[in-house]
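# Results of the structural survey
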Amino acid sequence: MERPEVVLENSDAVYDFYRDHQQNLLKARAAYWLLGRRYHPRVTYAAGARDRLREFVSQRRPLLIAVNHLSQLDPYTVAAAAWRSVLRPVIGHTRVLAKDELFTETKLRERIDMMGGIPVFRGKDHGLRAVNAAGQRMIDICAERMARGDGVAVFPEGTCNDVDPSQVQTVGTGIGHIAFRARKLGAEPVLVSLGLSYGPRLDPRVEPTKEEARSASFYFGMPVAELPTKPAEITRVVREELQNALDGAVKAY
């Protein structure tokens, strides 16, 4: 299928395309490997989390990966952490939600698509009413992908945290609805909270330096295999678990 233009007015065609889009696995793994060499994040785990996560990966349980959002560099450092962690086997089988503006420039879109991207039309960019239908389709597509075994990675804060990098900001309910709808389709998603810290920066509105990005700290919380049954309750668990993971990343920096 030909790649549709990623604009809100074309959202039906966009999500029809990303329902089945599959990147070249060899190229995807090569890109993650390259980012793993370019950045050297420190990856640590809660007690028992590494073995538990390996178990879920071997069982092919779909992973719902939540990461706090600090910088425009996050997709690259997260990819590096994935390569250098127990997530390596799911590279190429994980969809990554990314804001729609990243899909407008051809070369950048090729990279985002190759990394497994699915566009998100955000209310802050287009207005909440305007994006409602597209947002529902996006959630449905993510749930369908999880029901087929793919993981989904989300920055559930929805935008970079320029307030306090040690505290998770408001978490949108979309991640709760993704898990809820995936379960309705027969999937058993596992919540994986991944805390990210670039160290004690003086001004969170300033992007991390190259050295701070290269030495980012990542911390895996204990995976949650049994999620609540309601989207709002799932969202609450996501925020609590993500804050715990962020605390671990800050402490390990």
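Preceding block: the structure.
Small disclaimer: the values here were computed from a predicted structure and weren't measured. (Residues numbered from 1 in each chain as written. Predicted model: local features only at pLDDT ≥ 70, side-chain atom pairs only at ≥ 80, totals over all residues. Heavy atoms only, no water.)

Turning next to the overall build of the protein. Tallying secondary structure elements over the protein gives ten helices and seven strands in all. Taking 2.2 N^0.38 as the reference for a compact globule, 253 residues should give roughly 18 Å; the C-alpha atoms of the protein span a radius of gyration of 17 Å, in line with that estimate. Per-residue burial for the protein yields a buried fraction of 54% across its 253 residues. Accessible surface for the protein amounts to roughly 12,200 Å². Of this, 52% is attributable to carbon and sulfur atoms. (Helix = DSSP H or I, 4+ residues; strand = E, 2+ residues; numbered from the N terminus. Rg over C-alpha atoms; globule rule 2.2 N^0.38 Å. Buried < 20%, exposed > 50% of the residue type's maximum accessible area, 1.4 Å probe, protein only. Areas by Shrake-Rupley, 256 points an atom, 1.4 Å probe, with all protein chains shown as cover.)

Before going further, it helps to spend a moment on the sheet that holds strand E4 (residues 117-120). Sheets are built from strands that pair by backbone hydrogen bonding, the pairs being arranged parallel or antiparallel. One open sheet accounts for seven strands, arranged E1-E7-E6-E2-E5-E3-E4; its pairing is mixed. Of all strands in the sheet, those with a lone pairing partner are strand E1 (42-45) and E4, marking the two edges. The average undirected angle you get between the axes of adjacent strands in this sheet is 25 degrees. Contacts between helix H10 (residues 231-252) and the sheet are confined to E1, strand E2 (63-67), strand E6 (190-197) and strand E7 (217-220), with E6 contributing the most and set at about 40 degrees to the helix. (Pairing = 2+ DSSP bridges. Axes fitted to C-alpha atoms, helices over the stretch in contact; angles between N-to-C directions. Contact = heavy atoms within 4.5 Å.)

Right, let's talk about the pairing of E4 for a bit. Consecutive residues of a regular strand have side chains that alternate between opposite faces of the sheet. Burial along E4 is two-sided: Gly 117 and Pro 119 and Ile 118 and Val 120, pointing in opposite directions, are all buried. As defined by bridge partners, strand E3 (residues 94-99) adjoins E4 across four bridges and the pair is classed as parallel. Counted as the bridge partner of Val 96 is Gly 117 from E4. On the question of chirality, the crossover connecting E3 to the parallel E4 by way of helix H5 (residues 106-114) is right-handed. (Right-handed = clockwise from strand over helix to strand, strands pointing away.)

Time to look at the side chain of Gln 243. Following the sequence through the fold, Gln 243 ends up in helix H10. A polar contact is formed between the side chain of Gln 243 and the backbone nitrogen of Val 168, at a distance of 2.8 Å. (Polar contact = N/O pair within 3.5 Å; in protein donor to acceptor, adjacent residues only side chain to side chain.)

What follows deals with the side chain of Asp 150. Residue position: Asp 150 is located in the loop between helix H7 (128-147) and strand E5 (151-154). When its relative accessible area of 9% is taken as the criterion, Asp 150 is described as buried. Polar side-chain contacts of Asp 150 include one of 3.2 Å to the side chain of Arg 95. Beyond its immediate chain neighbours, meaning those up to four positions away, Asp 150 contacts Pro 62, His 93, Arg 95 and Arg 145.

In this structure the tally under the stated criterion is four aromatic pairs. With a centroid separation of 5.9 Å and 80 degrees between ring planes, the pair formed by Tyr 18 and Phe 103 is classed as edge-to-face. One end of the pair, Tyr 18, is in helix H1 (residues 11-20); the other, Phe 103, is in the loop between E3 and H5, and 85 residues separate them in sequence. Residue Tyr 18 shares its accessibility class with Phe 103, and that shared class is buried. A centroid spacing of 5.0 Å and a plane angle of 10 degrees characterise the contact between Tyr 45 and Phe 220, whose relative ring orientation is stacked. With Tyr 45 in strand E1 and Phe 220 in strand E7, this residue pair connects regions lying 175 residues apart in the sequence. As far as burial versus exposure is concerned, Tyr 45 and Phe 220 are alike and both buried. Joined through ring pairs, the aromatic side chains of Phe 17, Tyr 18 and Phe 103 make up one cluster. For the cation-ring pair, Arg 42 lies above Tyr 253, with the distance from its terminal atom to the ring centre recorded as 4.3 Å. When the ring centre of Trp 83 is taken as origin, the NZ or CZ atom of Arg 88, which lies over that ring, is 4.0 Å away. (Phe/Tyr/Trp six-rings, centres within 6.5 Å; stacked < 30°, edge-to-face > 60°. Lys NZ or Arg CZ within 6 Å of the ring centre and 35° of its normal.)

Limitation: the analysis is restricted to geometry and does not speak to function.
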